[in-house]
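Report on the structure
Letter by letter, the chains look like this.
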Amino acid sequence: MDQMINIALPKGRLGDKVYAMFEQAGYGCPSIHENNRKLVFEDKKNNVRYFWVKPSDVAIYVEQGTADVGVIGKDILLEYAADVYELLDLEIGKCRFSVAAKKGAWIDPEKTLRVATKFPNIARTFFDRKNREIEIIKLNGSVELAPILGMSHVIVDIVETGTTLRENNLEVLENIVEISARLIANKASFKFKNQDIERMRKSLAALVAQRREEANK
Ligand code: PRP
């Protein structure tokens, strides 16, 4: 049986920060710093194998058990309702989901609200709870364009610094939920590699606590 821990990391800016945390927590894999286009890296000493995957695919690799653990934004976890365990909030990649519209726009509460978003499930759940009738316009990016061009009344999107909204003359109407990177685990792996995964979770949790303490100094 493969006793290495297989870890799916989200390719990109968040992934680099996430890997740095694993390294600091004692799960380094020096070959990952090689400047090439390889996607799989192993470290026999630390017993880890990393895969770089598209952020939105991390949950799929973990759900299938190809990766034992992975790191994923809470946004994707909420949108796809993946059948995995959420083990830890890494407290990085912090942002939030918000509803935004053109600055000063009047929205008729009697009319079906047209909502442009990359995250239809999150938008649908939020407005269902408020009993608000909506029509979803599913986009794959640059959703800010939709209210500007009159295709939708509002957007449901990720806001990090707020720059994109500001520069497009949009404003937040409501915040939906806070987001950050989460450590997730495959359910069977969590059972069969429990000691190893728990040790990893504890090391990362200690690092998160230490960073929080330093930030509060
Ligand atoms: C995300 C999000 C916003 C922007 C928010 O987009 O959808 O557009 O970042 O960040 P800010 O508040 O710091 O400006 P992303 O970079 O994923 O690109 P996309 O819209 O093309 O998907």
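Each remark here, short or long, concerns the structure printed above.
Every value quoted in this text rests on a predicted model; they were computed, and no experiment measured them. Here the residue numbers are simple positions, counted from 1 along each chain's written sequence. Reporting in this predicted model follows two pLDDT cut-offs: at least 70 for local features of residues, and 80 or more for side-chain atom pairs to be given and counted; totals over whole chains, interfaces and linings ignore these cut-offs and use all residues. Excluding hydrogens and water, the side-chain values take into account all heavy atoms of the structure.

1. Some words on the pattern of salt bridges
For this analysis, a salt bridge means a side-chain nitrogen from Lys or Arg found within 4 Å of a carboxyl oxygen belonging to Asp or Glu. Per the stated rule, a full pass over the model turns up 12 salt bridges. One salt bridge in this structure joins Asp68 and Lys193, with 2.9 Å as the shortest N-O distance. Placement of the pair is Asp68 in the loop between helix H2 (58–64) and strand E4 (69–73) and Lys193 in the loop between helix H7 (187–192) and helix H8 (194–216), with a sequence separation of 125 residues. Each residue's exposure class comes from its accessible area (1.4 Å probe, protein chains only) as a fraction of the maximum for that residue type: buried when under 20%, exposed when over 50%, partly exposed otherwise. Exposure remark for Asp68: the relative accessible area of 3% places this residue in the buried category. Here Asp89 makes a salt bridge to Arg182, at a shortest N to O gap of 3.6 Å. Secondary structure elements are defined from DSSP: runs of H or I of at least 4 residues count as helices, runs of E of at least 2 residues count as strands, and each element is numbered from the N terminus.

2. Examining the sheet that holds strand E1 (residues 5–10)
In spatial order, the strands read E2-E3-E1-E4-E11-E5; together these six strands make up an open sheet with mixed pairing. Looking at strand neighbours, the two that pair on one side only are strand E2 (40–43) and strand E5 (85–89), the edges of this open sheet. Taken over all neighbouring pairs, the strand axes of this sheet differ in orientation by 25° on average, direction set aside. In this description, strands pair whenever DSSP reports at least two bridges between them. Note: E5 against strand E11 (residues 181–185), four bridges, orientation antiparallel. Angles here are taken between N-to-C directions and fall from 0 to 180 degrees, while the axes themselves are lines fitted to C-alpha atoms, restricted in helices to the stretch in contact.

3. Considerations on the site of the ligand
Proximity criterion: a residue is near a molecule or strand once any of its heavy atoms comes within 4 Å of it. All residues adjacent to the ligand are Lys118, Gly141, Ser142, Glu144, Asp157, Ile158, Val159, Glu160, Thr161, Gly162, Thr163 and Thr164. Thr161 has a polar side-chain atom sitting 2.5 Å from an oxygen atom of the ligand. For the ligand, whose free accessible area comes to 490 Å², the fraction covered by protein is 64%. Points on a 1 Å grid, built from protein atoms alone, make a cavity when a 1.4 Å probe fits but cannot get out and make a pocket when they are open with protein on both sides within 12 Å along at least 5 of 7 lines; residues with an atom within 4 Å of a point are the lining residues. A pocket or cavity is taken to hold a molecule when more than half of that molecule's atoms are within 2 Å of the pocket's grid points. Taking a 2 Å distance to the grid points as the criterion, the majority of the atoms of the ligand fall inside the largest pocket. Mapped by element, the contributors of at least two residues to the shell around the ligand are strand E9 (154–159) and helix H6 (163–167). Here the shell around the ligand takes three residues from E9, the largest share from any one element. Looking at the shell around the ligand residue by residue, the classes come out as two nonpolar, six polar and four charged. Pairing of N or O atoms within 3.5 Å defines a polar contact, subject to two protein rules: one partner must be a possible hydrogen donor and the other a possible acceptor, and residues neighboring in sequence count only if both atoms are side-chain atoms. Accessible surface is estimated by sampling points in the Shrake-Rupley manner with a 1.4 Å probe; for residues, cover comes only from the protein chains shown. Residue classes follow a fixed rule: Ala, Val, Leu, Ile, Met, Phe, Trp, Tyr, Cys and Pro count as nonpolar, while Asp, Glu, Lys and Arg count as charged, and any other residue, Gly among them, counts as polar.

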